[in-house]
Amino acid sequence: MDYQQILNTIASELHSKSYTGKVASYIPELEKIDPKKFGMHLYCINSGHYSFGNNEERFSIQSISKVFALTRAMALLGDDLFIRVDVEPSGDPFNSLVQLEYEQGIPRNPFINAGALVISDILISQLDHPKKDFLDFIHKITGNDSININTEVYISEKKHSYRNAALLNLMKSFANIENDIETVLDFYVYQCAIEMSCKELCTAFMMYANGGKRISDDYQILSPEKVKRINAIMQTCGFYDEAGEFSFRVGLPGKSGVGGGIAAVHPGQYAVTVWSPPLNPKGNSELGMYALEQLTTLTGLSIF
Ligand code: GLN
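Residues numbered from 1 in each chain as written. Predicted model: local features only at pLDDT ≥ 70, side-chain atom pairs only at ≥ 80, totals over all residues. Heavy atoms only, no water.

Topic: the overall build of the protein
Inclusion rule: Here a helix means four or more residues in a row that DSSP labels H or I, a strand means two or more in a row labelled E, and each is numbered from the N terminus. For this measure, only C-alpha atoms enter the radius of gyration; the expected value for a globule follows 2.2 Å times N^0.38, where N is the number of residues. Here a residue-residue contact requires only that any non-hydrogen atoms of the pair lie within 4.5 Å. In short, Shrake-Rupley with a 1.4 Å probe defines the accessible areas, and a residue's cover is counted only from the protein chains shown. Charged-residue counts in this description rest on Lys and Arg as positive and Asp and Glu as negative, His and the chain ends being excluded. The location of each charge is read from NZ of Lys, CZ of Arg, CG of Asp or CD of Glu.
The helix and strand tally for the protein stands at 12 helices and eight strands. Against the globule reference of 19 Å for 304 residues, the protein gives a C-alpha radius of gyration of 18 Å, in line with a compact fold. Taking the principal axes of its C-alpha atoms as reference, the protein extends roughly 55 × 40 × 35 Å. At a minimum sequence separation of 6, the contacts of the protein that also span at least 24 residues come to 70%. As displayed, the protein has an accessible area near 12100 Å², and 50% of this comes from carbon and sulfur atoms. The averaged location of the 35 negative side-chain charges in the protein is 1 Å from the averaged location of its 26 positive side-chain charges.

Focus on the environment of Arg72
Checked against the element boundaries, Arg72 lands in helix α2 (residues 65–77). In this structure Arg72 touches Leu123, Leu127, Asp133 and Phe137, once residues within four positions along its chain are discounted.

A few points about the sheet that holds strand β4 (residues 148–149)
Let me state the cut-off plainly: Any two strands with at least two DSSP bridges between them are considered paired. Where helices are involved, their axes are fitted lines through C-alpha atoms of the stretch in contact, as for all axes, and angles between N-to-C directions lie from 0 to 180°.
Strand order in the open sheet made by the three strands is β3-β5-β4, with antiparallel pairing throughout. Each edge of the open sheet carries a strand with a single partner, namely β3 (59–60) and β4. Each of β4 and β5 (194–196) is contacted by helix α5 (residues 130–142), which is oriented at about 15° to β5, the strand it contacts most.

Examining the site of the ligand
Going by this rule: A molecule or strand has a residue near it when one of that residue's heavy atoms lies within 4 Å. Under this definition, polar contacts are N or O atom pairs within 3.5 Å; protein pairs additionally need one hydrogen-donor-capable and one acceptor-capable atom, and for neighbouring residues in sequence, both atoms have to be side-chain atoms. In this classification, the charged set is Asp, Glu, Lys and Arg, the nonpolar set is Ala, Val, Leu, Ile, Met, Phe, Trp, Tyr, Cys and Pro, and all remaining amino acids, among them Gly, are polar.
The local shell around the ligand consists of Tyr26, Gln62, Ser63, Phe94, Asn113, Glu157, Asn164, Tyr188, Cys192, Tyr240, Gly257 and Val258. Note that a nitrogen atom of the ligand is positioned 2.6 Å from one of the side-chain N or O atoms of Gln62. Here an oxygen atom of the ligand sits 2.7 Å away from a polar atom, N or O, in the side chain of Tyr188. When the ligand is considered free in solution it has 300 Å² of accessible area, and contact with the protein chains removes 99% of it. Across the shell around the ligand, the residue classes tally to six nonpolar, five polar and one charged.

Re helix α9 (residues 198–209)
Because each turn of an α-helix spans 3.6 residues, side chains separated by three or four positions in sequence point in the same direction. Applicable threshold: In this analysis, the expected span of each helix is defined as 1.5 Å times one less than the number of residues it contains. When a residue's accessible area, from a 1.4 Å probe over protein chains only, is under 20% of the maximum for its type it is buried; when over 50% it is exposed; and in between it is partly exposed.
Between its first and last C-alpha atoms α9 spans 16 Å; for 12 residues at 1.5 Å apiece the expected length is 16 Å, and the two agree. Of all 12 residues in α9, 11 are buried; the element is thus mostly enclosed. For α9, the complete set of buried residues consists of Cys198, Glu200, Leu201, Cys202, Thr203, Ala204, Phe205, Met206, Met207, Tyr208 and Ala209. Positive phi shows up at Gly211, right after α9, with a value of about 60°.

Notes on the nonpolar core
Spelled out, the test is: As used here, the term nonpolar core means buried Ala, Val, Leu, Ile, Met, Phe, Trp, Tyr and Cys residues forming a set that is joined through side-chain atoms within 4.5 Å.
The biggest cluster of nonpolar side chains holds 78 residues, and the ones touching the most others in it are Phe68, Ile194, Met196, Leu201, Phe205 and Tyr208. Looking at this core, the element that brings in the most residues is α9, giving nine residues. In terms of nonpolar packing, the next biggest core, distinct from the first, is built from 26 residues, Phe246, Leu252, Ala264 and Leu292 among them.

Describing the packing of α2 against helix α4 (residues 113–126)
Here is the rule we go by: Orientation categories follow fixed angle ranges, with anything under 35 degrees roughly parallel, anything over 145 roughly antiparallel, 65 to 115 roughly perpendicular, and all other angles oblique. Take the far helix as your reference; a near helix turned counterclockwise from it by less than a right angle gives a left-handed crossing, and one turned clockwise gives a right-handed crossing.
The interhelical angle for the contact between α2 and α4, taken along N-to-C directions, is 45°, at an axis separation of 10 Å. With respect to α4, the element α2 is oriented oblique. Handedness of the crossing formed by α2 with α4: left-handed. Taken together, the residues of α4 that come into contact with α2 (itself represented by Lys66, Ala69, Leu70, Arg72, Ala73, Leu76 and Leu77) are Asn113, Ala116, Ile119, Ile122, Leu123 and Gln126. Among the residues forming the contact of α2 with α4, the class breakdown is nine nonpolar, two polar and two charged.

Quick word on the environment of Arg214
If you trace the backbone, Arg214 turns up in the loop between α9 and α10 (224–237). Separated by 73 residues in the primary sequence, Arg214 and Ile141 place their C-alpha atoms 6.4 Å from one another. Ignoring anything within four residues of it in the chain, the contact list for Arg214 reads Lys140, Ile141, Tyr219 and Ile221.

As structure tokens, this is what we get:
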């Protein structure tokens, strides 16, 4: 498979493609990003790296961090985790409060904000230094110790966390949050503020394509059974109320973030990441989804 030629075709198509999406503005610092940025990176298990555009420029990974948080929590707690958070698609926006009220404070899945906040609460209860542990984990899976948070984005989101604070308060009223609201919110916003490039994110996601093994040395980071589950949750819940549409158009497990990034995997084959800041009305990168749809169309391969 000539992945570079396929990526070049996608790059030239994107050049003339118009879009209607808007860069996220509810976190003011994110709105400063140039909407024209576009990067794509594919890391194939057998044949290495392919890329184009701004694939080495770091951006705010935002909700893509929820996959790493779930990975840490599953390693620490195993299936006990799923007493406090379910694994069903929500069909609702990422920051919705409505389902939580009639489902007694148990979030639909770990990839909507409510679910990720429960995972943050679990990590805080389990770990002495959750922030350090989280960054150390990212360094371990990428082999890159220079990855860090963007402090401006962290501060900016903290000042505008009304909805996430509301979600936490509601869940605490149902006794599904153990720690205090401020502590959980702080850790959650911290993990979302991590910056990585498409290339770095692709390297990190290789473990989900590679049966839980780090690609550089085959070190087993997570068991294949747990990786299977994480990929299943990415497939069914990785794109909020657009998970069905992403499955339909792209056909790979993946996760998006409001920074405009999407990371996806073809288990046994490759990890792929895209970054394009303008978001569609569901909060997913408009051109990023298009690029991934073209990838699985032009290769003729998806998990289906
Ligand atoms: N930090 C963001 C928030 O909680 C993450 C949302 C996202 O990327 N979808 O609103």
